[in-house]
Amino acid sequence: MALRSGDLGAAKALKLFQGPILAIESSCDETSCAIVSGRQVLSNVVSSQAELHRKWGGVVPEAAARAHVQAIVPVIDQALSDARLELSQIEGVAATNRPGLIGALSVGLTAAKAIAFERRLPFIGIHHLEGHMCAVLAQSEPVSFPFVGLIVSGGHTELVEVASFGDYSLLGQTLDDAAGEAFDKGARSLGLGYPGGLAVQVAASTGDSGRYHLPRGLRGETANFSFSGLKTAVARLVEAEGDRLSVPDAAASLQEAIVSVLVDRALLAATSHGCGNLALVGGVAANLALRERLAAGCHREGLRLLLPPIDLCTDNAAMIGLAASVRLARGERDGWDLDAYANAPLPGR
Ligand code: KG4
Ligand code: ZN
């Protein structure tokens, strides 16, 4: 099938809000504020709560909301100071308002509203996954439409066709655990701590990925994923091997099981939809093995790969600012009554 590579000048044609936007992300356990102008990230401050939640082995919503309350003002101050701007120079304001932990989202959303209300600035709420998708605007390749986006985070694993930002069609998704969850749960079984993705990547770097065979979930030509069998298989492996277990080999085998499925399904989705562009976004897109394997696969298949810089893959406010840059430029605005939502589909499905 002929691949549609889209209009290579699309990035130039894509209208972006000119003038600095202050963006806030607080949907889970990172308090982040960024200043973005057009597609330029002027600052991006991320305060992680990982240390706080480590003792519980996962995010405790009430504790997350309280930690956001403590961090939000210093993080905003730092973002302005890093961008060498005063609050009075900001021309637009955005915050993640969905999906996420309600208490956590409300902190960032309320701070953003207060800033925008005081000066009657254009204000918009952003879908967290659209933020992840718009992180591709920060990489050097021109963004051309349509593209297939693989969103891989702690809570989501979705393949989406992107006709343009804001116009998403779901091609497939996980039927159970997300890819990030598979890394995190596997890491916990292997005693690698929380959050697990980076810890698995580090342990895997000295391991043999062929040592233990772990399940690949769904078979056949599908755009869906299933990772829940993997966590059970890793737990069983740990039990069966006992002291003989090689943690680096198990970590490498776990990473291989996740990466191979993600790469195969993403390439299949792009080629079967005749789409010449593929984007990899979300926290798991920080994984080096996944980035390398997908880059090699895209090269082989003649696809262009859109890959955000690593620090814009895990949760951050710069990606929210980039999404706001697209939407504010279209004249979109939200009212002061905008609410936070735990669950919400990507817009335009
Ligand atoms: O997008 P994200 O920061 O937060 C959510 O929206 O969920 O994604 C977090 C997920 C976690 O599951 C974390 O373990 C995973 O991304 N992650 C990684 C790596 N860095 C973060 N997984 C594999 N390799 C990494 N280097
Ligand atoms: Zn995320």
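Owing to the predicted nature of the structure, the values given are computational and were not obtained by experimental measurement.

Asks: Honestly, the layout of surface pockets in this entry has me stumped. Any pointers?
Replies: Where empty space is left in the structure can be found by rolling a water-sized probe over the atoms. For the largest pocket, the calculated volume is near 1400 Å³. Every residue lining the largest pocket is counted, 41 residues in all, and those nearest its centre are Asp 29, Ser 153, Gly 154, Asp 184 and Pro 195. Mapped onto the lining of the largest pocket, the elements with two or more residues apiece are α5 (128-134), α6 (179-189) and α7 (196-204). It is α6 that provides the largest number of residues to the lining of the largest pocket, a total of six residues. Among the residues forming the lining of the largest pocket, the class breakdown is 15 nonpolar, 19 polar and seven charged. In this structure, the second largest pocket encloses a volume near 200 Å³. As for the second largest pocket, its lining consists of His 213, Pro 215, Arg 216, Gly 217, Leu 218, Arg 219, Gly 220, Ser 260, Val 261, Asp 264, Arg 265 and Leu 268. Its residues assigned to classes, the lining of the second largest pocket shows four nonpolar, four polar and four charged.

Asks: Just to check I follow, could you spell out the coordination of the zinc ion (ligand 2) for this structure?
Replies: Reference values for angles at a metal are 109.5 degrees in the four-donor tetrahedral case and 90 or 180 degrees in the six-donor octahedral case. His 128 (NE2), His 132 (NE2) and Asp 315 (OD) make up the full set of protein donors to the zinc ion (ligand 2), lying at 2.0 to 2.1 Å. Sequence spacing of the donor residues for the zinc ion (ligand 2), all on one chain, is H-x3-H-x182-D. With a gap of 183 residues between them, His 132 in helix α5 and Asp 315 in the loop between β10 (304-306) and α11 (318-329) connect regions that are remote in the sequence. Per residue, the accessibility class of His 132 equals that of Asp 315, and both read buried.

Asks: When you look at helix α3 (residues 61-82) in this model, what are you seeing that I'm missing?
Replies: Residues lying three or four places apart along an α-helix face the same way, a consequence of the helix completing one turn every 3.6 residues. Across its 22 residues, α3 extends 29 Å between first and last C-alpha, which sits within 8% of the 32 Å expected from 1.5 Å per residue. Its maximal kink placed at Ala 71, α3 deviates by approximately 40°, while the proline Pro 74 follows within four residues. Residues of α3 that are buried sit in contact with β1 (21-25), β2 (30-37), β3 (40-48), α2 (50-54) and α4 (102-119).

Asks: Explanation requested: the pattern of salt bridges in the structure shown.
Replies: Any two side chains of opposite charge can pair, on the condition that their charged atoms come close. Overall, the coordinates contain 12 salt bridges when judged by the stated rule. Glu 130 is paired through a salt bridge with Arg 327; the nearest N and O atoms lie 2.6 Å apart. Residue Glu 130 is found in helix α5, and its partner Arg 327 is found in helix α11; the two are separated by 197 residues along the sequence. Overall, the relative accessible area of 11% leaves Arg 327 in the buried class. With a closest N to O distance of 3.0 Å, Asp 177 and Lys 231 form a salt bridge. Taken as a pair, Asp 177 in the loop between β8 (167-173) and α6 and Lys 231 in helix α8 (residues 228-241) lie far apart in primary sequence, 54 residues in all. Here the salt bridges share partners, and the residues they tie into one network are Glu 130, Arg 327, Arg 330 and Glu 332.

Rules used in this analysis
Residues numbered from 1 in each chain as written. Chains lettered and ligands numbered in written order. Predicted model: local features only at pLDDT ≥ 70, side-chain atom pairs only at ≥ 80, totals over all residues. Heavy atoms only, no water. 1 Å grid on protein atoms, 1.4 Å probe; cavity = no way out; pocket = protein on both sides within 12 Å on 5 of 7 lines; lining within 4 Å. Points joined across faces, edges and corners; volume = space filled by probe spheres on them. Helix = DSSP H or I, 4+ residues; strand = E, 2+ residues; numbered from the N terminus. Nonpolar A, V, L, I, M, F, W, Y, C, P; charged D, E, K, R; others polar. Donors = N, O, S within 2.8 Å, 3.2 Å for Na, K, Ca; no water. Buried < 20%, exposed > 50% of the residue type's maximum accessible area, 1.4 Å probe, protein only. Expected span 1.5 Å × (residues − 1). Bend = angle between axes of the 7 residues up to and from the residue. Contact = heavy atoms within 4.5 Å. Salt bridge = Lys/Arg side-chain N within 4 Å of Asp/Glu carboxyl O.

Remember, this is a structural readout, not a statement about activity or role.
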